[in-house]
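# Examination of the molecular architecture
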Protein chains: 2
Amino acid sequence: MNRIKVGLVQQSAVRDLAENMSRLSVGIDDCVERGAQMVVLQELHNSLYFCQTEDPMNFDLAETVPGPSTKYFGAIARRHGIVLVVSLFEKRAVGLYHNTAVVLDSDGEIAGKYRKMHIPDDPAYYEKFYFTPGDLGFRPVSTSVGRLGVLVCWDQWYSEAARLMALAGAEMLIYPTAIGWESSDTEDERRRQNESWKIVQRAHAVNNGLPVISVNRVGREDDPSGRTNGISFWGGSFIAGPQGEIIAEASSVSEENLVAEIDLGRSEEVRRWWPFLRDRRVDSYEGLLRRFID
Amino acid sequence: MNRIKVGLVQQSAVRDLAENMSRLSVGIDDCVERGAQMVVLQELHNSLYFCQTEDPMNFDLAETVPGPSTKYFGAIARRHGIVLVVSLFEKRAVGLYHNTAVVLDSDGEIAGKYRKMHIPDDPAYYEKFYFTPGDLGFRPVSTSVGRLGVLVCWDQWYSEAARLMALAGAEMLIYPTAIGWESSDTEDERRRQNESWKIVQRAHAVNNGLPVISVNRVGREDDPSGRTNGISFWGGSFIAGPQGEIIAEASSVSEENLVAEIDLGRSEEVRRWWPFLRDRRVDSYEGLLRRFID
């Protein structure tokens, strides 16, 4: 299979989990009606972005994998015969939690999972409180539509993660994410941040000759602590080809289901023209394993 | 020193070396008059881009380092009291050549050099015939305006090279380069290539919180073999800030001396907001030292 129709559901979340899940299901249905063979959901799509504060009660949102959500979304994947990439708050053990993407294959079974490796922590994104850094490494998940290099949000700033997925045979990179602006950011600063978010991910496509699918949350969510004015998630989910070219892009302010075709055959053409993998200086990259070279 | 005025000279080369060198000198003078404390020249600026064919006679263009060009440009650097980054065809020994960037400090002395580590080879860019891959690794050069992470052309597609320079303390990344289109490329293909070239380098700025200075050749050069219609170098030299934002950009069709200010203090602000270096998973990057993970 060379050409694949890819769908993504960019949503604004509400407090009620069941309502989010039900609306995600409607979004998936819409993508499938438009031909999607794979659908990707945004990061932690079942709930509000709870990491705006450090609140131990929020661990109640976590669930096992497999668990209720893999059952719910697995049934949807099976019913439609599609691959579905979901993003869950995984309860691995009492007191041990991960930010985990799960890939459900077209038979509804779990094809594989990825535990977010790079965990951010900055004001309004207190993820180090909630998520233990992943311990599964950077391994693509084999599915009926290809080998998926699934990474999550903060990972998108790390060229190492994208490269490792490509070296391990990923045929596309997939980023469920939840990123937005603080209300105190100036217009200029917002534009720079949004643009840098896009170019780093498009550059992963270029560096590795792979399509990239990035699915972001959209809309405003309050800060429960009242200390900040909350986050305005900037949407702008996109699908890029293996030269980093934008194939389709969603709204920056409203919910949208995006469907576009990617051509995996194009990756081979691009990699033949610009054979970056051929010339890596693996004899001289040891420093990449160091924190800093001082 | 936090704010630095940076200049670059984007030129079309001719066959006569002395004429190129003389015109480069005029370009440097112009940058200095406009306040530049550092000037960067494009890749292999003394000659035509001779790698369009594999011709053993072209090794006559190579010279030692130190040698005539470091003397010529060293005198210019000393006269103006500026840092000058030049790009030379280095003759290291009989039968051993490199594509080497040399940094001349404001006293005219050689502050350090970098031998291009990643060597391309594709139709019209037969560099593997001419240049032995560098063996100096990725080490910034300390100068009176800061620690310069000098890389060359094909290196620009490798996030590993940019990261290693940043980890070794580079305060900015500098790419002398010579890239263009083949006449058979479609308009769409040209746009994709040009855009991908820009975003990968801007992404190095984002990933590493560093300014990037990229200096490209401009104008058309014939293929001496007559097998192709030559290369149209696309110019578009640019200076980007540590969020990948374009600060200044040169013409895509004509010669231009570009001068702009970069603020090294801004890098620290940016790295505090988005502390990517903090969260690298150095425990899980071993695969980066492998050719492919199969």
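Higher on the page you've got the structure.
Residues numbered from 1 in each chain as written. Chains lettered and ligands numbered in written order. Predicted model: local features only at pLDDT ≥ 70, side-chain atom pairs only at ≥ 80, totals over all residues. Heavy atoms only, no water.

A tally of helices and strands in chain A yields 6 helices and 15 strands. Relative to the globule expectation of 19 Å for 294 residues, the C-alpha radius of gyration of chain A, 18 Å, shows essentially globular dimensions. Each principal axis of the C-alpha distribution contributes one length, and for chain A these read about 55 × 50 × 40 Å. Out of the 294 residues in chain A, the part that is buried amounts to 63%. Here the analysis covers contacts within chain A between residues at least 6 apart in sequence; of these, 67% occur between residues at least 24 apart. A total of about 10500 Å² of accessible surface is found on chain A, and carbon and sulfur atoms cover 49% of it. Positive and negative side-chain charges in chain A, numbering 33 and 42 respectively, have mean positions lying 4 Å apart. (Helix = DSSP H or I, 4+ residues; strand = E, 2+ residues; numbered from the N terminus. Rg over C-alpha atoms; globule rule 2.2 N^0.38 Å. Buried < 20%, exposed > 50% of the residue type's maximum accessible area, 1.4 Å probe, protein only. Contact = heavy atoms within 4.5 Å. Areas by Shrake-Rupley, 256 points an atom, 1.4 Å probe, with all protein chains shown as cover. Lys, Arg positive; Asp, Glu negative; His and termini not counted. Charge placed at Lys NZ, Arg CZ, Asp CG, Glu CD.)

This brings us to the relation of the copies chain A and chain B. The two chain copies are connected by a rotation around an axis plus a translation along it. Superposing chain A onto chain B takes a rotation of 180° combined with a translation of 0.0 Å along the rotation axis, leaving an RMSD of 0.0 Å. Taken together, the rotation and translation describe the operation of a two-fold axis. Residues of chain A ranked by C-alpha distance from the rotation axis are headed by Ile199(A), positioned 2.8 Å from it. Of the residues that chain A buries at the interface, 100% are likewise interface residues in chain B, meaning the two copies contact each other through the same surface. (Least-squares fit on C-alpha atoms with pLDDT ≥ 70 in both.)

A separate point is helix H6 (residues 264-273) of chain B. One turn of an α-helix holds 3.6 residues; hence residues three or four places apart share an orientation. Among all positions of H6(B), only Leu264(B), Arg266(B), Ser267(B) and Val270(B) are buried. Down the axis of H6(B), the buried side of the element spans an arc of 135°, and every buried residue falls inside it. Packed against the buried residues of H6(B) are helix H5 (187-208) of chain A together with strand S1 (3-10), strand S8 (172-177) and strand S15 (256-263) of chain B. Capping the start of H6(B), Asp263(B) holds a side-chain oxygen 2.9 Å from the backbone nitrogen of Gly265(B), two or three residues further along. (Arc of directions from axis to C-beta. Polar contact = N/O pair within 3.5 Å; in protein donor to acceptor, adjacent residues only side chain to side chain.)

All names here are of chain B. Taken as a whole and judged by the stated rule, the model has 48 salt bridges over all chains. Ionic pairing is found between Lys116 and Glu43, a salt bridge with its closest N-O pair at 2.9 Å. Of this pair, Lys116 sits in the loop between strand S5 (110-115) and helix H3 (127-130) while Glu43 is found in the loop between strand S2 (38-41) and helix H2 (68-80), placing the two residues 73 residues apart along the sequence. Each member of the pair, Lys116 as well as Glu43, is classed as buried. (Salt bridge = Lys/Arg side-chain N within 4 Å of Asp/Glu carboxyl O.)

Two orientations exist for strands paired in a sheet by backbone hydrogen bonds: parallel and antiparallel. Residues and elements named next belong to chain A. Within the open sheet, the 6 strands sit side by side as S5-S4-S3-S2-S1-S15. Their pairing is mixed. Both outer strands of the open sheet, strand S5 (110-115) and strand S15 (256-263), are each paired with one neighbouring strand and no more. Here the strands of the sheet are splayed against their neighbours by 30° on average, with no regard to which way each runs. The pairing of strand S3 (residues 83-93) with strand S4 (residues 96-104) spans 9 bridges and is antiparallel. In the strand pairing of S4, Val86 is matched with Val102. Where helix H2 (residues 68-80) meets the sheet, its contacts fall on strand S2 (38-41), S3, S4 and S5, and the angle it forms with S3 comes to roughly 165°. (Pairing = 2+ DSSP bridges. Axes fitted to C-alpha atoms, helices over the stretch in contact; angles between N-to-C directions.)

Time to look at the sheet that holds strand S7 (residues 146-150) of chain B. All names here are of chain B. Strand order in the open sheet made by the 6 strands is S6-S7-S8-S10-S13-S14, with mixed pairing throughout. Single-partner strands in this sheet number two, and they are strand S6 (141-143) and strand S14 (246-249). This sheet shows a mean twist of 20° between the axes of neighbouring strands, independent of strand direction. Bridging between strand S10 (residues 212-216) and strand S13 (residues 238-240) involves 3 bridges; their strand directions are antiparallel.

Turning our attention to unusual backbone geometry. All names here are of chain A. Each neighbour pair has its own omega, and for Val65 with Pro66 the value is 0°, a cis peptide bond. By secondary structure assignment, the location of Pro66 is in the loop between S2 and H2. Backbone geometry places Leu44, a non-glycine residue, at a positive phi of 50°. Note on placement: Leu44 falls in the loop between S2 and H2. A residue is classified by how much of its surface remains accessible, and Leu44, at 3% relative accessible area, is buried.

Residues and elements named next belong to chain A. Residue placement: Asp155 occurs in the loop between strand S7 (146-150) and helix H4 (159-167). The class for Asp155 is buried, based on a relative accessible area of 0%. Note: C-alpha distance between Asp155 and Met117 (38 residues apart in sequence) is 6.9 Å. Residues within four places of Asp155 in sequence aside, it is in contact with Tyr114, Lys116, Met117, His118, Ala161 and Tyr175. At 2.8 Å, the side chain of Asp155 forms a polar contact with the side chain of His118.

Our focus in this paragraph is the interface of chain A and chain B. Listed by partner, the interface residues are 56 residues for chain A and 56 residues for chain B. When chain A packs against chain B, the two sides together hide about 5600 Å² of surface, and 59% of this comes from carbon and sulfur. The interface formed by chain A and chain B includes 10 salt bridges. We note a salt bridge from Glu189(A) to Arg266(B), for which the minimum N-O separation is 3.3 Å. Taken together, chain A and chain B are joined by 34 residue pairs in polar contact (both at pLDDT 80 or more). Of all the secondary structure elements, the ones that give two or more residues to the side of chain A that touches chain B are H4, H5 and helix H6 (264-273) of chain A. (Buried area = accessible area lost by both parts, 1.4 Å probe.)

So, about the pairing of S5(B). Residues and elements named next belong to chain B. Note: strand S4 (residues 96-104) against S5, 5 bridges, orientation antiparallel. Within the sheet, the bridge partner assigned to Val102 lies in S5 and is Lys113. Connecting S4 to the antiparallel partner S5 that follows it, the hairpin turn spans 5 residues, and Gly108 within it adopts a positive phi of roughly 85°.

A few words now on the packing of aromatic side chains. Tallying each qualifying case throughout the model produces 52 aromatic pairs over all chains. Between the NZ or CZ atom of Arg217(B) and the centre of the ring of Phe233(B), over which it lies, the distance is 5.5 Å. (Phe/Tyr/Trp six-rings, centres within 6.5 Å; stacked < 30°, edge-to-face > 60°. Lys NZ or Arg CZ within 6 Å of the ring centre and 35° of its normal.)

Right, let's talk about the environment of Gly230(B) for a bit. All names here are of chain B. Along the chain, the position of Gly230 falls in the loop between strand S11 (218-221) and strand S12 (231-234). With 106 residues separating them along the chain, Gly230 and Ala124 place their C-alpha atoms 7.7 Å apart. Among residues more than four places away in sequence, those in contact with Gly230 are Gln52, Trp181, Glu182, Ser183, Arg220, Glu221, Asp222 and Asp223.

So, about the packing of H4(A) against H5(A). Residues and elements named next belong to chain A. Relative orientation of the contacting elements H4 and H5 amounts to 40°, with a least axis distance of 10 Å. The handedness of the crossing between H4 and H5 comes out as right-handed. Within the contact between the two elements, H4 uses Ser159, Ala162, Arg163 and Ala166 and H5 uses His204, Asn207 and Asn208. Broken down by class, the residue content of the contact of H4 with H5 amounts to 2 nonpolar, 4 polar and 1 charged. (Left-handed = near helix turned anticlockwise from the far one by under 90°. Nonpolar A, V, L, I, M, F, W, Y, C, P; charged D, E, K, R; others polar.)

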